[in-house]
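Coordinate inspection notes
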Amino acid sequence: MAVTKRTPLPVAEAVNKILNHTRLWGIEKISINECDNRILAEDLTATHDVPPFNRSPYDGFAIRSEDTKHASLDHPITLNVVETIGAGQVAEHEVKSGMAVRIMTGAKIPEGADAVIMLELVKERVADNKNQIIIKRSVKKDENISFQGEDTQEGTLLVKAGTKITPGIVAILATFGYHRISVYKQPVVGILSTGTELLDVNEELQPGKIRNSNAYMCAAQVRAMGAKIKLYQHREDNFDSLYKNIKEALQETDVLITTGGVSVGDYDFLPEIYKKLGAEVLFNKVAMRPGSVTTVAVYEDKWLFGLSGNPSACFVGAELFVRPVILKGMSVLKPHCKVTKALLSKDFPKPNPFTRFVRAILSEDIDGNVVTPAGLDKSSSVSSLIEANCLIVLPGGTRGWETGSEVGVITWHGEGSEWPWDHPLFSKSSAIKTVEKQR
Ligand SMILES: Nc1nc2c(c(=O)[nH]1)N[C@H]1C(S)=C(S)[C@@H](COP(=O)(O)OP(=O)(O)OC[C@H]3O[C@@H](n4cnc5c(N)ncnc54)[C@H](O)[C@@H]3O)O[C@H]1N2
Ligand code: MOO
Ligand SMILES: [Mg+2]
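Residues numbered from 1 in each chain as written. Chains lettered and ligands numbered in written order. Predicted model: local features only at pLDDT ≥ 70, side-chain atom pairs only at ≥ 80, totals over all residues.

**A word on the overall build of the protein chain**
Looking only at helices and strands, the protein chain features seven helices and 24 strands. When its C-alpha atoms are laid out on the principal axes, the protein chain stretches across 110 × 55 × 45 Å. (Helix = DSSP H or I, 4+ residues; strand = E, 2+ residues; numbered from the N terminus.)

**Some words on the site of ligand 2**
Residues in contact with ligand 2, as listed here, are R289, P290, G291, S292, V293, S308, N310, A313 and S379. Partitioning the shell around ligand 2 into residue classes produces three nonpolar, five polar and one charged. (Near = placed C-beta within 6 Å. Nonpolar A, V, L, I, M, F, W, Y, C, P; charged D, E, K, R; others polar.)

**Quick word on the site of ligand 1**
In the neighbourhood of ligand 1, 27 residues make up the surrounding shell, with S193, N214, G260, S263 and G309 lying closest. Within the residue set of the shell around ligand 1, elements represented by two or more residues are α3 (214-224) and α6 (311-328). Residue classes in the shell around ligand 1 are distributed as nine nonpolar, 16 polar and two charged.

**A word on the pairing of strand β8 (residues 130-135)**
As defined by bridge partners, strand β4 (residues 77-85) adjoins β8 across four bridges and the pair is classed as antiparallel. When the sheet's bridge partners are listed, N80 is paired in β8 with Q132. Examined bridge by bridge, strand β7 (residues 122-127) and β8 share six bridges and lie antiparallel to one another. Bridge pairing in β8 links A127 to K130. Hairpin connection, β7 to β8: the antiparallel pair is bridged by two residues, and D128 has positive phi, about 55 degrees. (Pairing = 2+ DSSP bridges.)

**Things to note about unusual backbone geometry**
Here the residue pair V50 and P51 is connected by a cis peptide bond, since its omega of -10 degrees sits within 30 degrees of zero. If you trace the backbone, P51 turns up in the loop between β2 (44-45) and β3 (60-63). Cis geometry is found at the peptide bond from R289 to P290, where omega equals -10 degrees. Structurally, P290 can be placed in the loop between β17 (288-289) and β18 (295-299). The residue N37 is not glycine, and still its phi comes out positive at about 65 degrees.

**Side note on the nonpolar core**
Among the nonpolar cores identified, the biggest contains 78 residues, and V371, L391 and V409 are the most heavily contacted of them. It is α6 that provides the largest number of residues to this core, a total of 11 residues. Sequence-distant contacts of V371, defined by excluding residues within four places in its chain, comprise A342, L344, S345, A360, I361, L362, C390, I392, V407 and V409. (Core = buried A, V, L, I, M, F, W, Y, C linked by C-beta atoms within 7 Å. Buried ≥ 20, exposed ≤ 12 C-beta atoms within 10 Å, placed from the backbone. Contact = placed C-beta atoms within 7 Å.)

**Considering the confidence of the model for the protein chain**
Of the residues in the protein chain, 96% reach a pLDDT of 70 or more, and the chain-wide mean stands at 94. Counting interchain partners and residues more than four positions distant, the pLDDT-below-50 stretch residues 426-439 has 30 contacts. For this predicted complex, the interface confidence score (ipTM) comes to 0.98, while the overall pTM stands at 0.91. (pLDDT = per-residue confidence, 0-100.)

**Quick word on the packing of helix α1 (residues 11-19) against α6**
Two elements in contact, α1 and α6, have axes whose closest approach is 10 Å; the angle formed by their N-to-C orientations is 25 degrees. Classified by the interaxial angle, the pair formed by α1 and α6 is roughly parallel. α6 is crossed by α1, and the crossing has right-handed handedness. Across the interface between the two elements, A14, V15, I18 and L19 of α1 pack against L320, F321, P324, V325 and K328 of α6. In terms of residue class, the contact of α1 with α6 is made up of eight nonpolar, no polar and one charged. (Axes fitted to C-alpha atoms, helices over the stretch in contact; angles between N-to-C directions. Parallel < 35°, antiparallel > 145°, perpendicular 65-115°, else oblique. Left-handed = near helix turned anticlockwise from the far one by under 90°.)

**Overview of the sheet that holds strand β6 (residues 115-118)**
The sheet built from six strands is open, its strands ordered β6-β3-β5-β4-β8-β7 with mixed pairing. Only two strands of the sheet have a single neighbouring strand rather than two, namely β6 and β7. Strand-to-strand, the axes of this sheet are offset by a mean angle of 40 degrees, without reference to chain direction.

**Digging into the sheet that holds β18**
Sheets are built from strands that pair by backbone hydrogen bonding, the pairs being arranged parallel or antiparallel. Strand order across the open sheet formed by six strands is β14-β11-β15-β19-β18-β16, with mixed pairing between neighbours. Whereas interior strands pair on both sides, the edge strands pair on one side only; in this sheet they are β14 (228-231) and β16 (280-283). Averaged over all adjacent pairs, the angle separating strand axes in this sheet is 25 degrees, with direction ignored. Across four bridges, the pairing between strand β11 (residues 188-193) and β14 is parallel. Pairing of V188 across the sheet is with K228, part of β14.

**Comments concerning the environment of W25**
Within the secondary structure, W25 sits in the loop between α1 and β1 (27-31). Given 22 C-beta atoms within a 10 Å radius, W25 is considered buried. For the pair formed by W25 and L320, sequence separation is 295 residues and the distance between their alpha carbons is 19 Å. In this structure, W25 is in contact with Y184, K185, P187, D254, G329 and M330, ignoring residues within four places of it in sequence.

Below, the structure written as structure tokens:
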């Protein structure tokens with residue numbers, strides 16, 4: 001059987017094709033108790049000032065500063081303590097000249113008072129059956145007052161829709177009384193590995209067989225992207241049953257990732273399955289390594305990602321192509337891997353006509369970011385994924401890369417990047433400059 005020729009698409013064009021097809025996953029309301037790491041679908045605006053009233057930042061006495069104007073070690077002044085309030089209580093008295101209110105941290109400053117003096121700075125006594133304090137220093141107006149609105153003012157836009165809910169944002173939700181929150185729905189991402197050679201994790205090795213690592217790896221990647229996972233039993237490379245499995249899985253998923261069976265081999269059935277489904281194949285070859293066989297198709301409103309069976313290629317395919325589909329569908333403002341630059345700490349002599357994504361370790365030294373390739377640089381490698389915390393992006397060309405070269409790097413942790421990436425990592429003409437050898 002003749003092998004159909006595939007035309008490799010530059011990585012940036014492949015990403016653009018995907019971006020042209022993304023759709024929003026919809027919005028749902030959920031409880032504040034279950035919103036961790038979800039993506040906000042509404043802007044959060046301060047619905048009142050914080051703090052909402054002037055309050056005491058210390059345990060002390062609310063006083064009128066004027067009363068202490070002439071207070072000193074030699075001329076202590078005495079005030080009568082008229083009541084005590086804790087946080088949550090409101091004073092009954094207005095503080096008039098000669099009066100003080102014993103006040104605890106967080107309590108509303110009583111009318112008439114314009115300063116607080118800490119407990120430790122006064123002497124307390126009872127005289128004539130009255131609680132009194134003696135003050136030996138002057139206190140300035142506004143001293144030790146937390147002012148209404150000093151943290152944030154009513155009407156301030158605090159968090160934009162499309163932001164991931166962190167513990168800090170949960171505090172904001174609670175502060176302003178959002179107990180049910182609009183968030184983007186999480187797409188359901190099915191993961192189905194094909195390969196007659198595959199065993200499940202709990203099975204003993206047999207001749208010619210290997211355990212299915214891709215499905216579990218992809219599930220972990222996609223879960224970290226914030227989607228819901230449906231992990232399917234791995235399947236043999238059999239056209240008819242695989243077609244049926246995929247068709248069924250598409251009924252209950254928004255995105256279906258398959259791993260393996262996507263190249264040109266006798267048992268690589270994914271290309272034929274896309275055809276039989278009538279799926280629109282956006283691309284089936286990308287000018288990149290690893291992952292050149294990555295195929296992406298759309299079928300009705302579903303996505304099909306045919307990731308490579310080779311573990312490292314599978315990993316790269318998920319980060320480059322699945323990530324933006326999931327995150328853009330939740331209006332995440334930076335839905336792509338984060339792009340940055342670093343100096344190469346080792347020669348990378350292997351030239352490649354395609355853009356190469358090298359699993360690597362990014363670290364910082366006094367000169368800035370440094371990046372070191374990690375482990376075996378083959379698309380079949382699984383151990384190079386252990387330490388890798390980034391991918392070096394080497395534009396295709398005829399030369400290798402020397403120690404000290406400034407290279408583009410992408411990472412999948414924390415905040416991402418917008419598209420297009422801010423320096424043209426993928427264009428040959430951009431020839432990332434080689435800096436003088438530094439080490
Ligand atoms: N004649 C050609 N052969 C190949 C080409 C090509 O262009 N022409 N491309 C090569 C490249 S590049 C890659 S990458 C692989 C992609 O192969 P498939 O996506 O079809 O994947 P499989 O053939 O099913 O498996 C490849 C490799 O990965 C192992 N594998 C598969 N599934 C898993 C899994 N779930 N967990 C762990 N490892 C898995 C499988 O045993 C194979 O060793 O094709 C090249 N060939
Ligand atoms: O798709 Mo393959 O990973 O380029 O080696
Ligand atoms: Mg194959």
